[in-house]
Amino acid sequence: MYLYGASGHGKVVAEVAEECGYNIDAYIDENPSKDKLLSYPVLNEIPQQEIEILISIGHNRIRKRIVAQNEQFSYATLIHPKSIISKRVKIGEGTVVMPGATINAIVKVGKHCIVNTNASIDHDCILEDFVHISPNVGLGGNVYVGEGTHVGIGVNVIQGITIGKWCTIGAGAVIISDVPDGCTVVGNPGRIIKSKSLKI
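Residues numbered from 1 in each chain as written. Predicted model: local features only at pLDDT ≥ 70, side-chain atom pairs only at ≥ 80, totals over all residues. Heavy atoms only, no water.

Per an unreviewed UniProt entry, the chain carries the name Acetyltransferase EpsM and comes from Chryseobacterium wanjuense. What UniProt states about the chain under its Sequence similarities (unreviewed entry) heading is, verbatim, "Belongs to the transferase hexapeptide repeat family." (UniProt positions renumbered as here; feature names shortened; annotations may be inferred.)

Here you go:
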């Protein structure tokens, strides 16, 4: 398999892939200054043939753009063996689950998501495509997270909350009320400091 993105997040994803028994052929990264990461070569041109990859880039919009522009790729799903995943969880293609993460019953995780180190996702949550759940996040039961939202390090979200599309939830925030699309939220309790309309 190939990893698309040869930076810090790519190092972590490589170790998850290794733990899952994958052989990594190379990284793909369009930055010509990069030629090697860890022990793996870096290709600076995007292969046009069908290959299996995982996008090892933390930025949600960039992952979405890469998927849209590269129909030739098929996508792996990586689940670290030291994560705890209910047998009733559904996880989409292109998603990576890091070590120590816990995902409980009847959770749906979309495509090309990141569930990062030691995150806890309780029962009946839904994460739409291209979501990033950062390290040490806690989501209570029945939380909905819309497409492309980034939930920052150490955020806690109480049960039953809806967080909209393409939001940014700042590190350490405590979310006790719903968050509309396109909002940036910080603090305890969380407050909206910025909002933007989303292109349809």
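Counting its secondary structure elements, the chain contains two helices and 25 strands. Each principal axis of the C-alpha atoms in the chain carries an extent, and together these give about 45 × 35 × 25 Å. Once local pairs closer than 6 in sequence are excluded, the contacts in the chain between residues at least 24 apart make up 23%. Summed over its atoms, the accessible surface of the chain is roughly 9600 Å², and 49% of this surface lies on carbon and sulfur atoms. Averaging the coordinates of the 18 positive side-chain charges in the chain and doing the same for the 19 negative ones gives two points 7 Å apart. (Helix = DSSP H or I, 4+ residues; strand = E, 2+ residues; numbered from the N terminus. Contact = heavy atoms within 4.5 Å. Areas by Shrake-Rupley, 256 points an atom, 1.4 Å probe, with all protein chains shown as cover. Lys, Arg positive; Asp, Glu negative; His and termini not counted. Charge placed at Lys NZ, Arg CZ, Asp CG, Glu CD.)

Pairing in this open sheet of five strands is parallel, and the strands run S9-S12-S15-S18-S21 from one edge to the other. In this open sheet, the two strands that pair with only one neighbour each are strand S9 (90–91) and strand S21 (162–163). As defined by bridge partners, strand S18 (residues 144–145) adjoins S21 across two bridges and the pair is classed as parallel. In the strand pairing of S21, Tyr 144 is matched with Thr 162. (Pairing = 2+ DSSP bridges.)

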